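# Survey of secondary and tertiary structure
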Amino acid sequence: MNILVMNCGSSSLKYQLIDMVNESVLAKGLCERIGIEGSVLTHSPAGKDKVKFEKPMPSHKEAIQMVMDALVDKECGVISSTDEIAAIGHRVVHGGTYYSDSVVVDEKVKEAIKDCFDLAPLHNPANLMGIEACEAAAPGKPNVAVFDTAFGMNMEEKAYLYALPYEYFEKYKVRRYGFHGTSHSFVSGEAIKFAGLDPKTAKVIVCHLGNGASVSASIGGKCVDTSMGLTPLEGLIMGTRSGDIDPAIIQFLCNKLSISVDECLNILNKKSGVLGLSNGISSDFRDIDAAAEEGNHQAEVALEAYALRVAKYIGAYAAAMNGVDAIAFTAGVGENDKNMRKDICAYLGYLGAFIDAEKNDIRGENRVISTDDSKVKLLLMPTNEELAIARDTLRLTK
Ligand code: ADP
């Protein structure tokens, strides 16, 4: 039983074909420059060399047809016909207030994805294009939408409402949605299994620290709170996003710089975060780490501010749940940067959470990184959003 997982952006798409019998990746790849001159598909079959196909892809339709052709190709293919694909799972960024779980796509679902275009203007149109291109390339195959916002839809009103006039929620659905939900849900579930916690009552905090970054709190796998909001701009300091700021800064900067709100939002999304704090060194933690090691003060401050913000969210979420059993680190920084994990955990002694320097000296695999006497289990748990999408797709279509 093979599931094809699609993650479509506006000019690119990533895919994986996963054999669900043993959850192994049969092939994965990437189409780049869709709709732009110089389109290229890079296809990586498991155990074989990767292959590049350079052919015009005016739209997602041609791109997905090329993916299907590569999967069944005599040389670099991994299946003999597309009949061996049971279903297709799609990452969809925004499900609005419509969906708190993944769903098999029909016309109603497509309308809902469209209705959320203004909530995720860069992502939802591309996600829908990907779904429609798959419907055309593989007629009759079930498509499943897996929403980044679904996990956050389980929050209670007290956590998801902003303290704004209530009519803005009623009229425009202005609320906290949360993103990276597929990762938070996957990692919290894996953390419960890995640490042997009670699946119904376990209190877990997941720190998804990638280029985008967010924290979630969940009890028994159900989201209690999460740090991203109406958009992914809220919460932690990120690669290029500011995370939480005083909203009055927007008006202040617009006046000082004579810029529009849109331009100011562009600064908060693309020029802030550790990139801004480090005075432009980089949004990549490897570069910031290297600069800090050479004694660059702004780089040191960027790292300290980042760790402090994560630690403050962990404290807030431990309070929201009246305790925490496990704290899991995941995504690019969370999985690879042992110094950042150490700096964050240095704030957590009051919770009885203690990191073990030796166990923490690892990257990219499931591991308990707390001391034996730590009251809270600290965990390194690599995320796997593609596998999470494939599991949901299988659950809804088998
Ligand atoms: P995305 O949010 O784009 O999916 P990832 O989860 O892949 O991002 O995280 C990418 C980030 O992870 C990079 O920008 C970099 O800051 C960080 N990263 C990756 N490898 C390392 C490493 N070895 N040490 C420190 N940071 C790393």
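That block above? That's the structure.
Quick look at the structure, then. (Residues numbered from 1 in each chain as written. Predicted model: local features only at pLDDT ≥ 70, side-chain atom pairs only at ≥ 80, totals over all residues. Heavy atoms only, no water.)

It is worth spelling out the sheet that holds strand 14 (residues 377-380) at this point. The strand order 11-10-9-12-14-13 describes an open sheet built from six strands, whose pairing is mixed. Both outer strands of the open sheet, strand 11 (222-226) and strand 13 (367-368), are each paired with one neighbouring strand and no more. Relative to strand 12 (residues 326-330), strand 9 (residues 203-209) runs parallel, the two being bridged by five bridges. Counted as the bridge partner of Val206 is Ala328 from strand 12. (Pairing = 2+ DSSP bridges. Helix = DSSP H or I, 4+ residues; strand = E, 2+ residues; numbered from the N terminus.)

Direction vectors running N to C along helix 6 (residues 181-194) and helix 14 (residues 385-397) enclose 90°, while the axes themselves pass 9 Å from each other. One finds that helix 6 runs roughly perpendicular with respect to helix 14. Counted together, Thr182, Ser183, Phe186, Glu190 and Lys193 of helix 6 and Glu385, Leu387, Ala388, Ile389 and Arg391 of helix 14 form the full contact between these two elements. (Axes fitted to C-alpha atoms, helices over the stretch in contact; angles between N-to-C directions. Parallel < 35°, antiparallel > 145°, perpendicular 65-115°, else oblique. Contact = heavy atoms within 4.5 Å.)

With that out of the way, let us pick up the site of the ligand. Surrounding the ligand, one finds 13 residues, the nearest of these being Asn211, Asp284, Phe285, Gly332 and Asn336. Between an oxygen atom of the ligand and a side-chain N or O atom of Asp284, the distance comes to 3.4 Å. Val333 has a polar backbone atom sitting 3.5 Å from an oxygen atom of the ligand. Coverage of the ligand by the protein amounts to 68% of the 580 Å² it exposes when considered alone. Secondary structure elements with two or more residues in the shell around the ligand: helix 10 (285-293) and helix 12 (331-336). Here the shell around the ligand takes four residues from helix 12, the largest share from any one element. Residue composition of the shell around the ligand, by class: three nonpolar, five polar and five charged. (Near = heavy atom within 4 Å. Polar contact = N/O pair within 3.5 Å; in protein donor to acceptor, adjacent residues only side chain to side chain. Areas by Shrake-Rupley, 256 points an atom, 1.4 Å probe, with all protein chains shown as cover. Nonpolar A, V, L, I, M, F, W, Y, C, P; charged D, E, K, R; others polar.)

Another aspect to go through is the environment of Ser214. Position of Ser214 relative to the elements: it lies in strand 10 (residues 213-219). The spatial distance from the C-alpha of Ser214 to the C-alpha of His184 is 8.9 Å, given a sequence separation of 30 residues. Engagement of the side chain of Ser214 in a polar contact is seen with the side chain of His180, the distance being 2.7 Å.

The subject of this paragraph is the pattern of salt bridges. Per the counting criterion, the structure on display carries 18 salt bridges. Lys342 is paired through a salt bridge with Asp343; the nearest N and O atoms lie 3.7 Å apart. With a relative accessible area of 42%, Lys342 lands in the partly exposed category. Overlapping salt bridges, with partners in common, bring together Glu23, Glu190, Lys193 and Arg391 in one network. (Salt bridge = Lys/Arg side-chain N within 4 Å of Asp/Glu carboxyl O. Buried < 20%, exposed > 50% of the residue type's maximum accessible area, 1.4 Å probe, protein only.)

Let's shift gears to the nonpolar core. Ranked by internal contacts, the top residues of the largest apolar core, which has 44 residues, are Ile205, Cys207, Leu209, Tyr306, Ile314 and Ile327. If you list the elements that add at least two residues to this core, you get strand 9, strand 10, helix 10, helix 11 (297-321), strand 12, helix 13 (338-345) and strand 14. By residue number, the principal contributor to this core is helix 11, which donates eleven residues. The residues contacting Tyr306, other than those within four sequence positions of it, are Leu209, Ala213, Ile237, Met238, Val274, Phe285 and Met340. (Core = buried A, V, L, I, M, F, W, Y, C linked by side-chain atoms within 4.5 Å.)

Turning to unusual backbone geometry, a few remarks are in order. Positioned with a positive phi, Glu23 is a non-glycine residue whose angle comes to about 55°. Looking at the secondary structure, you find Glu23 in the loop between strand 2 (13-19) and strand 3 (24-32). Judged by relative accessible area, which is 31%, Glu23 ranks as partly exposed. Although it is not a glycine, Arg33 adopts a positive phi angle of roughly 60°. Within the fold, Arg33 resides in the loop between strand 3 and strand 4 (40-45). For Arg33, a relative accessible area of 41% puts it in the partly exposed group.

A word on the state of the cysteines. With the rule as written, the count across this model stands at zero disulfides. With no disulfide of its own, Cys8 lies closest to Cys134 among cysteine sulfurs, the gap being 6.3 Å. Using a relative accessible area of 3% as the deciding quantity, one classes Cys8 as buried. (Disulfide = S-S within 2.5 Å.)

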